[in-house]
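The primary structure of each chain is shown beneath.
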Number of protein chains: 2
Amino acid sequence: MENEQILKTQGLPQGFVWGAVKAGIKVSGNADVAVAVAAKGANGAAMFTKNQVVAAPVTVGRRHMASTGGRVSVVLVNAGNANCATGQPGVDACVQTCVAAAERFHCIFDEVFPSSTGIIGVPFPAEKVLAVLPELEQVMGATPEHADSFAQAIMTTDTKMKVARASVDVDGVEVRIFGVAKGAGMIHPQLGGPVGPAHATMLVYLFSDIAAESEQLRGLLEPAVERSFNSISIDGDTSTNDTVLLLASGASGVKLDARTQEPFANALKLVCGSLAYQIVDDGEGVGHVVTLHITGARTEAEAKQIAKAIAHSPLCKTAWSSADPNWGRLLAAAGYSGVAFDPALVNITIGAQPVFELGVRSAAFQKEAAHAEMQARDYTITIDLGLGEAECRFLTCDLTEEYVRINADYSS
Amino acid sequence: MENEQILKTQGLPQGFVWGAVKAGIKVSGNADVAVAVAAKGANGAAMFTKNQVVAAPVTVGRRHMASTGGRVSVVLVNAGNANCATGQPGVDACVQTCVAAAERFHCIFDEVFPSSTGIIGVPFPAEKVLAVLPELEQVMGATPEHADSFAQAIMTTDTKMKVARASVDVDGVEVRIFGVAKGAGMIHPQLGGPVGPAHATMLVYLFSDIAAESEQLRGLLEPAVERSFNSISIDGDTSTNDTVLLLASGASGVKLDARTQEPFANALKLVCGSLAYQIVDDGEGVGHVVTLHITGARTEAEAKQIAKAIAHSPLCKTAWSSADPNWGRLLAAAGYSGVAFDPALVNITIGAQPVFELGVRSAAFQKEAAHAEMQARDYTITIDLGLGEAECRFLTCDLTEEYVRINADYSS
């Protein structure tokens, strides 16, 4: 099974319908309430932000996943208002929408999984969500257009819809995964298990038609998230609403078992990887997507710690915006990451260009050639620490004047 | 003794001469090598960056302070080249300038305290420093103009010279402190003791004519630095060269003892506080100087941890640039700081305007009034956690398009 084949499938997983309508929550007037319904229910696993300040839907979603043991019939998402820092009234408003959606779509209230994204701290207009539930029921369907309408409605500052598809052939039956994501700013997901504080502005929904228990899904989701959504950063701001939800409708009739587990896990990783890349690529004001490949570390955790220090350094990120091979800033950020290393053992390359070798500027350093590498939309910076065998790949981006403009203007 | 009186003194400490010349290290062609000489020597205490990657002058300065027990005769500073990530050749070049300066100014080589600031990773042009030592000797003097020439020569992206003066009257004798600082970007000093890795682009020299042992000076310097230079951040990038040096020439004849310690320590704190403020106020592209006053914390360290998360959040900083009272971003950043707290106990005010009270938007919130408070050049955001009695004040600034322009253009 080749990766390319997995991603090329156009089919959607069976057992779900999608829809979206305009409720007047987004200032733009675009569609802003989306729903996905599994008529026969689905088993699910969710991961939420580790931020201690969490939005009401994260509080409610966590409780629902706990009370149902991971059973989900309806995913109800709105964009335009994050329902965060809204206190008990915000939680009450969220519960109210879940109860109404359960009645409308014929399930128990705690089988509704709610999500919100948008401005923080503004009272949540539950009445706008309640008012559009009948219309939502009318517009739902199982075509790619329906699925795309879901993906578009959950966008906020995103400029592009983010979807990825993969399938696995099991004895002639196609088991499918359809992933949807939104997120362009406040992106530095730190997703943890269902217990503990949670919250963020990256929303990811992974719909599949495999038959699996929630416990099995959790086991697949965590490693897939660790090397995708937990390995990206746009601005280092971990949101209060970040949510990743994996659902399995079982409608393909294929069970997740010893034989299907590995190909399904690989397909899931591909979908997560593709969505994570799309998020960074559509980051607010992004001019360059930079992969930080930290090698020669003692542990993967230390490699990631160094990658994050660099990915969050305004000086590194502004240098990337002008394609400036200022490796001194890379080294300085690594130096304050908290990971012990010796600059005299370090090698740095930008794309194929050596810039720093064993403690000093590389003898082969050619500023213009390095500058040229950095003019690409997408390139890799490799930092070898010379300490061990562990490594990581972390995806991030430059910091531009456009990012500042977008976030100065995104007014409360 | 009132603070204002302390700061109003124009006199310079006795026992020092200052001077600066153009050596061709700065691209601008401005004066870039500065010297301060204590003809009879001075006792000193130094603190360096905790960054693990340190510039050659930090490595050398640390060794010199250790070998002399804190004795300093010459402070030799250049701007335009940080002599960092330059390997053993960089250290050799630094030592070479110290040896030459010692010969020129008649002291032992390890009584020369070297500093460098500027671009990282470019081989250090020691020959340019060596060439100007005779001229430096000619231009040195003890007038305010000489002292200012020192302050101007150490500037890099600074737009203003940063100096502060204070004095303490002891039985009719004026004991003086003259402080000089540079720093406008890569500012998030994390200064530690003389042992351990060190490095940064904030340079601070505190000249005084009190008579004191190095051990006494260290005892005064650390608390003064903790609440000034270690409580500011412009961009969160901890430099590889940060250095604070306190010198005491003894020329006033007044000893640091049980009677003089407190007023001298207060004067030192005032000078450090003034310089720290000047650094943030002249931060790259800064439009607003924001004091984060975190109260009701369990410990001062936790208060500072929350202040730093907010001070390093691009989303908080961009909101400040447009005077947007987006307190949701403040709360979200506090939420990922790692400090445990309950949003339902939190109160936030911007200037005099309540914006968030006990978990929800304040009933008294007036967006326009809060926006008006934030149009001031300088204002305070108070976040009360409702957990305890500890607090901190942390000084930071907004993130502007101008910051991005400056740092994208500051080419290697």
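Residues numbered from 1 in each chain as written. Chains lettered and ligands numbered in written order. Predicted model: local features only at pLDDT ≥ 70, side-chain atom pairs only at ≥ 80, totals over all residues. Heavy atoms only, no water.

Under an unreviewed UniProt entry, the name given to chain A is Arginine biosynthesis bifunctional protein ArgJ, and the organism recorded is Tunturiibacter psychrotolerans. The record held by UniProt for chain A lists under Subcellular location (unreviewed entry) the comment "Cytoplasm". Among the UniProt annotations of chain A, the heading Function (unreviewed entry) holds the following wording: "Catalyzes two activities which are involved in the cyclic version of arginine biosynthesis: the synthesis of N-acetylglutamate from glutamate and acetyl-CoA as the acetyl donor, and of ornithine by transacetylation between N(2)-acetylornithine and glutamate." (UniProt positions renumbered as here; feature names shortened; annotations may be inferred.)

It is worth spelling out the overall build of chain A at this point. Of regular secondary structure, chain A possesses twelve helices and 15 strands. Its C-alpha radius of gyration of 22 Å places chain A within 12% of the 22 Å reference for a compact globule of 412 residues. In chain A, 82% of the contacts between residues at least 6 apart in sequence involve partners at least 24 apart. (Helix = DSSP H or I, 4+ residues; strand = E, 2+ residues; numbered from the N terminus. Rg over C-alpha atoms; globule rule 2.2 N^0.38 Å. Contact = heavy atoms within 4.5 Å.)

This part takes up the pairing of strand β2 (residues 33-49) of chain A. Two faces make up the sheet, and in a regular strand the side chains alternate between them. Residues and elements named next belong to chain A. Extensive coverage of β2 is indicated by the burial of 15 of its 17 residues. As judged from the five bridges shared by strand β1 (residues 17-21) and β2, these two strands associate in the antiparallel manner. Across the sheet, the residue bridging to Gly19 is Val35, located in β2. Judged from the seven bridges that link them, β2 and strand β3 (residues 71-81) form a sheet pairing that is antiparallel. Bridge assignment links Ala34 to a residue of β3, and that residue is Val77. Strand direction decides the pairing type here: β2 and strand β9 (residues 243-248), joined by six bridges, are antiparallel. Pairing of Asn43 across the sheet is with Ala248, part of β9. (Buried < 20%, exposed > 50% of the residue type's maximum accessible area, 1.4 Å probe, protein only. Pairing = 2+ DSSP bridges.)

This part covers helix α6 (residues 214-226) of chain B. Residues and elements named next belong to chain B. An ideal rise of 1.5 Å per residue puts 18 Å on 13 residues; α6 measures up with 18 Å between its terminal C-alpha atoms. Ser214, Leu217, Leu220, Leu221, Ala224 and Val225 are the residues of α6 that are buried. Each buried residue of α6 sits inside an arc of 125 degrees when the element is viewed along its axis, so together they form one side. (Expected span 1.5 Å × (residues − 1). Arc of directions from axis to C-beta.)

Okay, the sheet that holds strand β10 (residues 289-297) of chain B next. All names here are of chain B. The strand order β13-β12-β11-β14-β10-β15 describes an open sheet built from six strands, whose pairing is mixed. Taken across any chain shown, the strands that pair with only one partner, and hence form the sheet edges, are β13 (360-361) and β15 (390-397). Of the strand pairs in this sheet, strand β11 (residues 347-350) and strand β14 (residues 378-384) are connected by four bridges, and their pairing is antiparallel. By the bridge assignment, Ile350 is partnered in β14 with Ile381. Sheet contacts for helix α7 (residues 261-281): β10, β14 and β15; angle to β15, the most-contacted strand, approximately 45 degrees. Sheet strands in contact with helix α8 (residues 300-311) are β10, β14 and β15, and its direction is about 20 degrees off that of β15. (Axes fitted to C-alpha atoms, helices over the stretch in contact; angles between N-to-C directions.)

With that settled, the discussion passes to the pattern of salt bridges. Residue and element names in this part refer to chain A. Per the counting criterion, the structure on display carries 28 salt bridges over all chains. Ionic pairing is found between Asp148 and Arg165, a salt bridge with its closest N-O pair at 3.8 Å. In this pair, Asp148 is assigned in helix α5 (residues 144-153) and Arg165 in strand β5 (residues 162-170), connecting sequence segments 17 residues apart. Residue classification places Arg165 among the buried residues on the basis of a relative accessible area of 11%. For the salt bridge of Lys304 with Glu226, the shortest nitrogen-to-oxygen distance reads 2.4 Å. With Lys304 in helix α8 (residues 300-311) and Glu226 in helix α6 (residues 214-226), this residue pair connects regions lying 78 residues apart in the sequence. Ionic contacts of the salt-bridge type, sharing partners, join the residues Asp158, Lys162 and Asp282 into one network. (Salt bridge = Lys/Arg side-chain N within 4 Å of Asp/Glu carboxyl O.)

Residues and elements named next belong to chain A. Those places that UniProt annotates as "active site" (unreviewed entry) correspond, in this numbering, to Thr201. You can see Thr201 is positioned in the loop between β7 (191-192) and β8 (203-208). Classification of Thr201 by relative accessible area gives buried; the value is 11%.

What follows covers a nonpolar patch on the surface. A contiguous nonpolar patch, built from A:Val95, A:Val99, A:Ile108 and A:Phe109 and spanning about 310 Å² of accessible area, is present on the exposed surface. Mapped onto the secondary structure, A:Phe109 falls in the loop between α3 (87-105) and β4 (112-119). (Patch = residues over 30% accessible without salt bridge, like charges linked within 9 Å, V, L, I, M, F, W, Y side chains within 5 Å. Areas by Shrake-Rupley, 256 points an atom, 1.4 Å probe, with all protein chains shown as cover.)

Time to look at the layout of surface pockets. Residues and elements named next belong to chain B. Volume-wise, the second largest pocket comes out at about 580 Å³. If you trace the second largest pocket, you find 23 residues lining it, with Ile25, Lys26, Val27, Ser28 and Gly80 closest to the centre. Contributing elements (two or more residues each) for the lining of the second largest pocket: β3 (71-81) and α5 (144-153). Of all the elements, α5 adds the most residues to the lining of the second largest pocket, at three residues. Among the residues making up the lining of the second largest pocket, the classes are represented as ten nonpolar, ten polar and three charged. (1 Å grid on protein atoms, 1.4 Å probe; cavity = no way out; pocket = protein on both sides within 12 Å on 5 of 7 lines; lining within 4 Å. Points joined across faces, edges and corners; volume = space filled by probe spheres on them. Nonpolar A, V, L, I, M, F, W, Y, C, P; charged D, E, K, R; others polar.)

Looking now at the relation of the copies chain B and chain A. Overlay of chain B on chain A (RMSD 0.0 Å): rotation 180 degrees, translation along the axis 0.0 Å. Such a turn and shift between the copies fits a two-fold axis. Within chain B, B:Glu401 has its C-alpha nearest the rotation axis, a separation of 2.3 Å. Both copies contact each other with a shared surface, as 100% of the interface residues of chain B are interface residues in chain A too. (Least-squares fit on C-alpha atoms with pLDDT ≥ 70 in both.)

Below, the discussion takes up the nonpolar core. Among the nonpolar cores identified, the biggest contains 152 residues, and A:Phe150 and B:Phe150 are the most heavily contacted of them. Those residues in contact with A:Phe150 that lie beyond four places of it in its chain are A:Trp18, A:Gly19, A:Ala20, A:Ala34, A:Val35, A:Ala36, A:Val75, A:Val77, A:Val180, A:Tyr205 and A:Phe207. Counting residues in each nonpolar core, the second largest holds 42 residues, with A:Ala45, A:Ala224, A:Ile234 and A:Val254 among its members. (Core = buried A, V, L, I, M, F, W, Y, C linked by side-chain atoms within 4.5 Å.)

Another point: unusual backbone geometry. A positive phi angle, close to 50 degrees, is found at A:Asp171, a residue other than glycine. Counting through the fold element by element, A:Asp171 comes out in the loop between β5 and β6 (173-182). For A:Asp171, a relative accessible area of 62% translates into the label exposed. The backbone of B:Ala85 sits at a positive phi, close to 60 degrees, despite the residue not being glycine. Along the chain, the position of B:Ala85 falls in the loop between β3 and α3 (87-105). Under the relative-accessibility criterion, B:Ala85 is labelled buried at 10%.

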